[in-house]
Amino acid sequence: MNYRNTKQRQAILDAIEGHGGHLTAEEIYQVVKLGQPRLSLGTVYRNLRVLAEQGSVRELDFGMAITYFETIKDAHYHLVCRVCGGISDMETDLEQKLMALVEHTSGIDGFQVEQHRLDFVGVCRSCQSKPVEAGGQARALKAR
Ligand SMILES: [Zn+2]
Ligand SMILES: [Zn+2]
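What counts and what doesn't
- Residues numbered from 1 in each chain as written.
- Chains lettered and ligands numbered in written order.
- Predicted model: local features only at pLDDT ≥ 70, side-chain atom pairs only at ≥ 80, totals over all residues.
- Heavy atoms only, no water.
- Core = buried A, V, L, I, M, F, W, Y, C linked by side-chain atoms within 4.5 Å.
- Buried < 20%, exposed > 50% of the residue type's maximum accessible area, 1.4 Å probe, protein only.
- Helix = DSSP H or I, 4+ residues; strand = E, 2+ residues; numbered from the N terminus.
- Contact = heavy atoms within 4.5 Å.
- Donors = N, O, S within 2.8 Å, 3.2 Å for Na, K, Ca; no water.
- Tetrahedral: all angles 85-135°; square planar, octahedral: opposite > 155°, others 65-115°.
- Pairing = 2+ DSSP bridges.
- Axes fitted to C-alpha atoms, helices over the stretch in contact; angles between N-to-C directions.
- Phe/Tyr/Trp six-rings, centres within 6.5 Å; stacked < 30°, edge-to-face > 60°.
- Expected span 1.5 Å × (residues − 1).
- Arc of directions from axis to C-beta.

**Student:** Explain the nonpolar core to me, and be specific about the residues and the numbers.
**Tutor:** Here is a general trend for soluble globular proteins: nonpolar side chains tend to be buried in one another's company. Residues Ile 12, Ile 28, Val 32, Val 44, Leu 48, Val 57 and Phe 69 are the most contacted members of the largest nonpolar core, which totals 17 residues. For this core, the secondary structure elements donating two or more residues are helix H1 (3–18), helix H2 (25–35) and helix H3 (41–54). Those residues in contact with Val 44 that sit more than four places away from it in its chain are Ile 12, Ala 25, Ile 28, Tyr 29 and Leu 39. In terms of nonpolar packing, the next biggest core, distinct from the first, is built from five residues, Leu 60, Phe 62, Tyr 68 and Val 80 among them.

Given below as structure tokens:
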């Protein structure tokens, strides 16, 4: 792996981690480009694909128009606002409960579960208090 690629991929990981943990490819591009002006959006996509293959990054698809990327940490679940596109991690012990359920399921019919997914889609607190606008509002990048 050459040095430039390594540097680009690290910058992508840093961008995701430093801005709320769930970014679109376009948002990652905007952040990384600040430090690497010659970067192209295509390069960001290519690096994201490599990072996903390496298991460093996961693509989040909530059935909306855009997908998000996050760095892979412990299994967790997401609260997804369908109005502003805001995503937050849900803090629960659901993972343990679900794993118990998965083991239980395997015990019953011998099905081997390899993955599962669970997303909570709705309207976040701040969007609930805003008047409904056609098209919704743009998602703001949150810096840590
Ligand atoms: Zn919202
Ligand atoms: Zn997350």
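There's plenty left to go through after this.
**Student:** Pulling in residues and values, what's your account of the coordination of the zinc ion (ligand 1)?
**Tutor:** The protein atoms that coordinate the zinc ion (ligand 1) are Cys 81 (SG), Cys 84 (SG), Cys 124 (SG) and Cys 127 (SG), at distances of 2.3 Å. The site at the zinc ion (ligand 1) holds four donor atoms, and with the angles between them running 103 to 119°, its shape is tetrahedral.

**Student:** Please give an account of the sheet that holds strand S4 (residues 87–90) that cites residues and values.
**Tutor:** As summarised here, the arrangement of the three strands in space is S4-S3-S5, forming an open sheet in which the pairing is mixed. Strands with a single pairing partner mark the edges of an open sheet, and in this sheet they are S4 and strand S5 (119–122). With direction set aside, neighbouring strand axes in the sheet form an average angle of 25°. In terms of strand pairing, strand S3 (residues 77–81) meets S5 through four bridges, oriented parallel. Following the sheet pairing, His 78 is matched in S5 by Asp 119.

**Student:** A description of the pairing of S3 should follow, citing residues and the corresponding values.
**Tutor:** For S3, a buried count of four out of five residues is recorded, marking the element as mostly surrounded by other parts of the structure. Bridge count for S3 against S4 is four bridges, and the pairing is antiparallel. Note on S4: the bridge partner recorded for Leu 79 is Ser 88. A loop of five residues connects S3 with S4, the two strands running antiparallel in sequence, and Gly 85 in this loop sits at a positive phi of about 80°.

**Student:** Before we move on, can you summarise the coordination of the zinc ion (ligand 2) with the specific residues and values?
**Tutor:** Binding of the zinc ion (ligand 2) to the protein goes through His 22 (NE2), Glu 70 (OE), His 76 (NE2), His 78 (NE2) and Asp 89 (OD), at separations of 2.1 Å. Spacing between the donor residues of the zinc ion (ligand 2) along their common chain follows H-x47-E-x5-H-x1-H-x10-D. With His 22 in the loop between H1 and H2 and Glu 70 in strand S2 (residues 68–71), the pair connects residues that are 48 residues apart, well separated along the chain. Using a relative accessible area of 4% as the deciding quantity, one classes His 22 as buried.

**Student:** Account for the packing of aromatic side chains, with residues named and values stated.
**Tutor:** Taken as a whole, this structure holds one aromatic pair when the rule is applied. Relative to Tyr 68, the ring of Phe 62 lies with its centre 6.2 Å away and its plane at 50°, an arrangement referred to as tilted. Tyr 68 shares its class with Phe 62; the two are buried.

**Student:** Before we move on, can you summarise H3 with the specific residues and values?
**Tutor:** The first and last C-alpha atoms of H3 sit 20 Å apart over 14 residues, in line with the 20 Å expected at 1.5 Å per residue. Taken residue by residue, H3 has Thr 43, Val 44, Asn 47, Leu 48 and Leu 51 as its buried positions. Within H3, the buried residues cover an arc of 135° as seen down the axis, which keeps them to one side. Seen from the open side of H3, the exposed residues pointing more than 90 degrees away from its buried face are Arg 49 and Glu 53. Where the residues of H3 are buried, they touch H1, H2, strand S1 (57–60) and S2. Positive backbone phi, at 85°, marks Gly 55, one or two positions downstream of H3.

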